[in-house]
Amino acid sequence: MALNMHSHESPNGSGAATFTKQDFASGQETRWCPGCGDYAVLAAVQEFLPELGLPPERVVFLTGIGCAGRFAYYMNTYGVHGLHGRAPALATGLAVSRPDLSVWALGGDGDMLSIGGNHLIHALRRNMPIKILVLNNQVYGLTKGQASPTSKLGKVTKSTPFGSEDQPFNPLALALGAGASFVARTVDRDRRHLTEVLRAAAEHPGAAFVEIYQNCPIFNDEAYAVLTDKDTKDAYQIRLEHDQPIRFGADRERGVAQRPDGSVAIVDVADVGEDALLVHDAHCADPSRAFALAHLSQNVSEPTPIGVFRSVVRPVHGERSQQELQAAHEAVGSDELEALLHAGATWIVD
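Small disclaimer: the values here were computed from a predicted structure and weren't measured. (Residues numbered from 1 in each chain as written. Predicted model: local features only at pLDDT ≥ 70, side-chain atom pairs only at ≥ 80, totals over all residues. Heavy atoms only, no water.)

As for the state of the cysteines
For clarity, the cut-off: Defined by distance alone, a disulfide is two cysteine sulfur atoms within 2.5 Å.
Across all of its chains, the model carries 0 disulfides by this definition. Sulfur of Cys-33: no disulfide; nearest cysteine sulfur belongs to Cys-67 and is 6.5 Å away.

In structure tokens form, the structure reads like this:
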């Protein structure tokens with residue numbers, strides 16, 4: 001993918017390059033349906049990326065098939081519009097071979113959780129240094145409205161005319177079960193929260209999994225309306241903040257408490273007192289509480305947690321081998337190691 005390169009001098013005269021949203025926006029005309037949540041996600045990503053301080057050629061977006069697959073065309077970065085579900089696999093190979101790049105894999109719920117599910121879980125368990133964004137609209141959009149792995153029970157679509165009988169995936173629980181070191185959820189229409197989550201994901205040293213609730217105005221319109229409409233969002237958004245009691249509501253009158261069996265439940269603060277509320281710990285090594293929070297709501301017609309569920313530090317894939325290789329270089333000297341690696345039968349392929 002061609003890049004339109006721009007360079008800017010730092011206003012303080014240091015000579016360090018600075019970037020703006022325009023540096024990360026390609027000249028391609030965006031072609032999504034009017035009202036599609038992809039527009040909001042694209043704008044948030046383009047506005048956020050300059051914070052990384054990286055030039056566009058150091059950033060890569062890899063996508064699969066579907067509406068979200070077009071994302072790579074609209075970014076003035078390197079990118080690949082790959083095969084269905086293969087974005088995590090492409091990102092894995094690139095991250096291994098080019099650790100100097102900021103690698104982002106992006107796809108829809110059908111793309112990432114159906115044919116791409118195997119690639120996704122292994123990228124997470126290996127803790128690859130990639131950022132994975134799943135745009136979840138609970139339906140296949142580009143292929144015209146079939147049920148997806150996250151469609152709710154009873155959902156009537158072109159492929160399920162009598163209502164879906166399949167239990168939907170819980171993307172966050174799936175990611176936590178795969179051992180993901182960073183797991184978060186946000187919504188397309190809340191620009192500030194979306195940007196905060198993207199920032200946290202970018203700062204995380206390993207694999208970062210972000211589920212983005214994204215509206216499909218054609219085949220599943222207003223699926224997340226209670227989380228985004230100004231009259232209802234305070235009552236339905238449970239915002240997770242590290243080291244803070246979990247409270248929500250227009251007057252923060254409701255909260256989340258942990259039951260004796262380890263599960264969590266929504267309570268009225270006036271009934272139990274603030275001391276009974278669960279204090280969110282995103283950095284807890286044990287993922288049990290994050291897993292319980294991921295299961296707090298069965299669907300978005302109930303109060304739903306958003307924010308960073310888990311952010312822990314564990315070894316990033318490839319770090320140990322790189323350290324061992326560096327140690328070997330220092331122990332025997334680069335010339336001796338090079339001679340050893342090329343000792344015996346070798347071939348040069350032109």
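A word on helix α3 (residues 87-97)
This is how the line gets drawn: Summary of the burial criterion: residues with accessible area below 20% of their type's maximum are buried, those above 50% are exposed, and those between are partly exposed, where the area comes from a 1.4 Å probe applied to protein chains only. In DSSP terms, a helix is any run of H or I states spanning at least four residues, a strand is any run of E spanning at least two, and both are numbered starting from the N terminus. Starting at the helix axis, one direction is taken to each C-beta atom, and the arc is that of these directions. Whether two residues are in contact is decided by their heavy atoms, any of which lying within 4.5 Å being enough.
For α3, the full list of buried residues reads Ala-87, Pro-88, Ala-91, Thr-92 and Ala-95. The buried residues of α3 occupy an angular sector of 135° when projected down its axis, which confines them to one face. Buried-residue contacts for α3 involve β1 (59-63), β3 (102-108), α4 (109-115) and α5 (117-125).

Re the packing of aromatic side chains
Which entries qualify depends on this criterion: Stacked, edge-to-face and tilted labels apply to pairs of Phe, Tyr and Trp rings (six-membered ring for Trp) whose centres lie within 6.5 Å, assigned for plane angles under 30 degrees, over 60, and everything in between, in that order.
Within this structure, the stated rule accounts for 8 aromatic pairs. Their ring planes at 70° and their centres at 6.3 Å tell us that Phe-48 and Trp-104 sit as a pair that is edge-to-face. Taken as a pair, Phe-48 in helix α1 (residues 38-48) and Trp-104 in strand β3 lie far apart in primary sequence, 56 residues in all. Taken together, the ring pairs in this structure connect Trp-32, Tyr-39, Phe-48, Phe-61, Phe-71, Tyr-74 and Trp-104 into an aromatic cluster.

Quick word on the sheet that holds strand β2 (residues 78-81)
Using the following cut-off: Whether two strands pair depends on DSSP finding at least two bridges between them. Axis geometry follows a simple rule: fit a line to the C-alpha atoms, using only the stretch in contact for helices, then measure angles between N-to-C directions, giving values from 0 to 180 degrees.
Pairing is mixed in the open sheet, where 8 strands are placed in the order β2-β1-β3-β4-β6-β5-β11-β7. Two strands close off the open sheet at either side, each with one partner strand: β2 and β7 (237-240). With direction set aside, neighbouring strand axes in the sheet form an average angle of 20°. In this sheet, β2 lies alongside β1 in parallel orientation, the contact comprising 4 bridges. Bridge pairing in β2 places Phe-61 opposite Gly-79. Where α1 meets the sheet, it contacts β1, β3, β4 (131-136) and β6 (208-213), and its direction lies at approximately 155° from that of β4.

Describing the environment of Arg-98
Our working rule: Polar contact criterion, stated in full: a pair of N or O atoms within 3.5 Å, where within protein one must be able to donate a hydrogen and the other to accept it, and residues adjacent in sequence count only if both atoms are side-chain atoms.
Following the sequence through the fold, Arg-98 ends up in the loop between α3 and β3. For the pair Arg-98 and Arg-58, spaced 40 residues apart in the sequence, the C-alpha separation amounts to 9.8 Å. Within the local environment of Arg-98, its side chain forms a polar contact with the side chain of Asp-100, the two groups lying 2.8 Å apart.

Observations concerning the sheet that holds strand β8 (residues 247-248)
In spatial order, the strands read β8-β9-β10; together these 3 strands make up an open sheet with antiparallel pairing. Each edge of the open sheet carries a strand with a single partner, namely β8 and β10 (264-268).

Examining the packing of α3 against α5
Keep this limit in mind: Residue polarity is assigned by list, with Asp, Glu, Lys and Arg as charged and Ala, Val, Leu, Ile, Met, Phe, Trp, Tyr, Cys and Pro as nonpolar; anything else, Gly included, falls into the polar class.
Where α3 contacts α5, the two axes come as close as 7 Å, and the packing angle between them is 35°. Only His-119, Leu-120 and Ala-123 of α5 make contact with α3, whose side of the interface consists of Pro-88, Ala-89 and Thr-92. Here the contact of α3 with α5 is composed, by residue class, of 4 nonpolar, 2 polar and no charged.

A short note on unusual backbone geometry
Residues other than glycine seldom take positive phi values, yet Glu-222 does so here, at roughly 60°. When you line up the elements, Glu-222 lands in the loop between β6 and α8 (225-228). On the accessibility criterion, Glu-222 (37% relative accessible area) is partly exposed. Backbone geometry at Asp-243 places phi at a positive 70°, although glycine is not the residue there. Along the chain, Asp-243 turns up in the loop between β7 and β8. We classify Asp-243 as exposed; its relative accessible area is 53%.

Some points on α1
The buried fraction of α1 amounts to 8 of the 11 residues, a majority that puts the element mostly inside the structure. Among the residues making up α1, those that are buried are Asp-38, Val-41, Leu-42, Ala-43, Ala-44, Val-45, Gln-46 and Phe-48. Packing partners of the buried residues in α1 comprise β1, α2 (71-74), β3, β4, α7 (191-203) and β6.

Quick look at the environment of Glu-51
Structurally, Glu-51 is set in the loop between α1 and β1. Residue classification places Glu-51 among the partly exposed positions, given a relative accessible area of 45%. As for Glu-51 and Phe-19, which are separated by 32 residues in sequence, their C-alpha atoms are 8.1 Å apart.

Considerations on the nonpolar core
Filter applied, for reference: The criterion is simple. A nonpolar core is a set of buried Ala, Val, Leu, Ile, Met, Phe, Trp, Tyr and Cys residues joined through side-chain atoms within 4.5 Å.
Judged by nonpolar contacts, the single largest core of 39 residues is most densely connected at Leu-124, Ile-130, Ile-132, Phe-209 and Leu-293. Residues in contact with Leu-293, not counting those within four places in the same chain, are Leu-240, Ile-246, Val-256, Val-264, Leu-278, His-280, Pro-305 and Phe-309. Within the second largest apolar cluster, 32 residues are counted, among which are Cys-36, Ala-44, Val-45 and Val-59.

Some words on the confidence of the model for the protein
We count it as follows: Each residue carries a pLDDT score, the predictor's confidence in it, ranging from 0 to 100.
Here the protein shows a mean pLDDT of 91. Residues at 70 or above account for 92%. In the model, residues 9-14 has pLDDT below 50 throughout and makes 7 contacts with residues more than four positions away in sequence or in other chains.

What about the layout of surface pockets?
Over the atoms, a rolling probe the size of a water molecule traces out where space has been left empty. As a reminder of what qualifies: We place a 1 Å grid over just the protein atoms. Points where a 1.4 Å probe fits but has no way out form a cavity, open points with protein on both sides within 12 Å along at least 5 of 7 lines form a pocket, and any residue with an atom within 4 Å of a point lines it. Grid points are joined across faces, edges and corners, and a volume is the space filled by probe spheres set on the points.
What the largest pocket holds in volume is close to 470 Å³. What lines the largest pocket is a set of 24 residues, and nearest its centre among them are Pro-99, Leu-101, Pro-129, Pro-205 and Val-316. If you list the elements that add at least two residues to the lining of the largest pocket, you get α3, β3, α7 and α12 (319-332). Roughly 410 Å³ of volume is contained in the second largest pocket. Forming the walls of the second largest pocket are 19 residues, and the residues nearest its centre are Pro-168, Phe-169, Ser-297, Gln-298 and Asn-299. Split by residue class, the lining of the second largest pocket holds 7 nonpolar, 9 polar and 3 charged.

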